[in-house]
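# Breakdown of the fold
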Amino acid sequence: MAPRSLIVGNWKMNMNCLSSKALVVNITRNVRSIAIELAICPPFVYLLPVSLLLSSSKVVLGGQDCHNYKSGAHTGDIAPEMLVDLGCTYVILGHSERRTYHSENNAVIRSKAKAAIRAGLIPIICVGETEIERSAGKALEVVDNQIRGSLPEQINSNDVVIAYEPVWAIGTNCIPNIEYISTIHSHIRKILSDICCDAVNIRLLYGGSVKPDNAKKLMSAVNINGALVGSASLQAEDFLAIAKEMS
Ligand code: PEP
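Residues numbered from 1 in each chain as written. Predicted model: local features only at pLDDT ≥ 70, side-chain atom pairs only at ≥ 80, totals over all residues. Heavy atoms only, no water.

Applicable threshold: UniProt positions are given in the numbering used here, feature names are shortened, and annotations may be inferred rather than shown by experiment.
The protein is annotated in an unreviewed UniProt entry as Triosephosphate isomerase of Candidatus Endolissoclinum faulkneri L2. Regarding the protein, the UniProt comment filed under Sequence similarities (unreviewed entry) reads as follows: "Belongs to the triosephosphate isomerase family." Looking at the Subcellular location (unreviewed entry) heading of the UniProt record, one finds this comment for the protein: "Cytoplasm".

### A short note on the overall build of the protein
Stated precisely, the cut-off is as follows: Secondary structure elements are taken from DSSP: a helix is a run of H or I of four residues or more, a strand is a run of E of two residues or more, and numbering for both begins at the N terminus. For this measure, only C-alpha atoms enter the radius of gyration; the expected value for a globule follows 2.2 Å times N^0.38, where N is the number of residues. Buried, partly exposed and exposed residues are distinguished by accessible area as a fraction of the type maximum, computed with a 1.4 Å probe on protein chains only: under 20%, between the cut-offs, and over 50%, respectively. The contact criterion used is simple: two residues touch if any of their non-hydrogen atoms lie within 4.5 Å.
Within the protein, the secondary structure is distributed over 10 helices and eight strands. Its C-alpha radius of gyration of 17 Å places the protein within 12% of the 18 Å reference for a compact globule of 247 residues. When the backbone C-alpha atoms are referred to their principal axes, the protein occupies close to 45 × 45 × 35 Å. Buried positions account for 52% of the 247 residues belonging to the protein. In the protein, the proportion of contacts linking residues at least 24 apart, taken out of those at least 6 apart, comes to 73%.

### Structural notes on the UniProt feature "active site" (unreviewed entry) in the protein
Applied cut-off: Computed over the protein atoms alone on a 1 Å grid, cavities are sets of points where a 1.4 Å probe fits but cannot get out and pockets are open sets with protein on both sides within 12 Å along at least five of seven lines; a residue lines them when it has an atom within 4 Å of a point.
In this numbering, the UniProt entry assigns the feature "active site" (unreviewed entry) to His95 and Glu165. These annotated residues cover 71 residues of sequence, and their C-alpha atoms lie no more than 8.4 Å from one another, placing them together at a single site. When the annotated set is filtered for residues lining the largest pocket, what remains is His95. Within the secondary structure, His95 is located in the loop between β4 (88-93) and α4 (96-101). Dropping the residues within four chain positions of it, His95 is found in contact with Asn10, Lys12, Cys126, Glu165 and Ile170. Its place among the elements puts Glu165 in the loop between β6 (161-164) and α8 (178-195). Given the relative accessible area of 6%, Glu165 is considered buried.

### Some remarks on the layout of surface pockets
Which entries qualify depends on this criterion: Grid points are joined across faces, edges and corners, and a volume is the space filled by probe spheres set on the points. We call Asp, Glu, Lys and Arg charged. Ala, Val, Leu, Ile, Met, Phe, Trp, Tyr, Cys and Pro are nonpolar, and the rest, Gly among them, are polar.
Within this model, the largest pocket holds a volume of roughly 430 Å³. Lining the largest pocket are 18 residues, and of these Phe44, Gln64, Asp65, Arg98 and His102 lie nearest its centre. Each residue belonging to the lining of the largest pocket can be placed in one class, and the counts come to eight nonpolar, five polar and five charged.

### Details of the site of the ligand
The test is simple: Consider each residue's heavy atoms; a residue with any of them within 4 Å of a molecule or strand counts as near. Definition of a polar contact: a pair of N or O atoms within 3.5 Å, with one able to donate and the other able to accept a hydrogen when the atoms are protein atoms, and with sequence-neighbouring residues admitted only if both atoms are side-chain atoms. Calculation of accessible area relied on Shrake-Rupley with a 1.4 Å probe; when residues are assessed, cover is drawn exclusively from the protein chains displayed.
Around the ligand there are 14 residues in total, and Lys12, His95, Glu165, Gly171 and Ser209 lie nearest to it. Separating an oxygen atom of the ligand from a backbone N or O atom of Gly171 is a distance of 2.7 Å. Separating an oxygen atom of the ligand from a backbone N or O atom of Ser209 is a distance of 2.8 Å. Considering the ligand on its own, with 290 Å² of exposed area, one finds that the protein chains cover 98% of that surface.

### A word on the UniProt feature "binding site: substrate" (unreviewed entry) in the protein
Per the UniProt entry, the sites bearing "binding site: substrate" (unreviewed entry) are Asn10, Trp11, Lys12, Gly171 and Ser209 in this numbering. Taken along the chain, the residues just named run across 200 residues; in space they keep tight, none of their C-alpha pairs more than 14.0 Å apart. In the annotated set above, the residues contributing to the lining of the largest pocket are Asn10 and Lys12. By the element assignment, Lys12 lies in the loop between β1 (6-10) and α1 (17-29).

### Considerations on the sheet that holds β4
Adjacent strands of a sheet form backbone hydrogen bonds with each other and so pair up, either parallel or antiparallel. Keep this limit in mind: When DSSP finds at least two bridges between two strands, those strands are taken to pair. Axis geometry follows a simple rule: fit a line to the C-alpha atoms, using only the stretch in contact for helices, then measure angles between N-to-C directions, giving values from 0 to 180 degrees.
Strand order in the closed barrel formed by eight strands is β1-β2-β3-β4-β5-β6-β7-β8, with parallel pairing between adjacent strands. Taking the axes of each pair of neighbouring strands and ignoring which way they run, one obtains an average angle of 25° across the sheet. Sheet analysis places β1 next to strand β2 (residues 37-41), joined by five bridges and oriented parallel. Paired with Leu6 across the bridge in β2 is Glu37.

### Digging into the pattern of salt bridges
Selection rule: Salt-bridge detection follows one rule: a side-chain nitrogen of Lys or Arg within 4 Å of a carboxyl oxygen of Asp or Glu.
Here the structure, examined in full by the defined rule, presents 13 salt bridges. A salt bridge links Asp144 to Arg148; the shortest N-O distance between them is 2.6 Å. Placement of both Asp144 and Arg148 in helix α7 (residues 139-150) is noted, with a separation of four residues, approximately one turn of the helix. The class of Arg148 is partly exposed, set by a relative accessible area of 38%. In the salt-bridge network here, residues are joined through shared partners; they are Asp65, Arg98, Glu104 and Lys112.

So this is what it looks like as structure tokens:
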């Protein structure tokens, strides 16, 4: 049996306190008919108000990043234990925007992933090739290196979620064709089986310009267990429509 599907909303650096609360209320009011798991990842400063609103909901919470230490002199950083303290289940790690704008490499992401698991979080580890790498025919090689370098050496299937996000598809309204996604996802599943004995149960998400009108088609890709959604997660109707299409 395939693992339970998961749709994650990555709000990135958007919303304010009022609009965050309004969005969550709109999502939780209309979530009853959705059978799959939903998670939302607001900016750190809105985690608490959102967490309070989610307390009696089946929608779960995630952070957008975390440090690899529990505490200490790390101005501006957030420990994974702090995310747990606020009710988070997940944390996004290694998003291409962190890899690019914060120079996070595979070793950093691996150490954050270990810390997140230690704290009781499930890291959603992002991988994906850039446009230059894609056109050079290097997508599989790049993803291979990122998976082998960013994941902890020993994992169980429920320790992590993988999000394949081709960088050229993020925020561009341009998605790969289903065969392309299927090829990469099958390759990822193969690599995962080298490092995890029940790799078939690791959830593998697709991310990059997922919208209500392409969600159903995306689910026809091989080895896909849901989506990581950016801009379309900022509208309750769109986020829930994607979840319905992917259920
Ligand atoms: C993302 O950045 O994780 C993402 C998937 O963004 P979008 O859906 O806006 O392309």
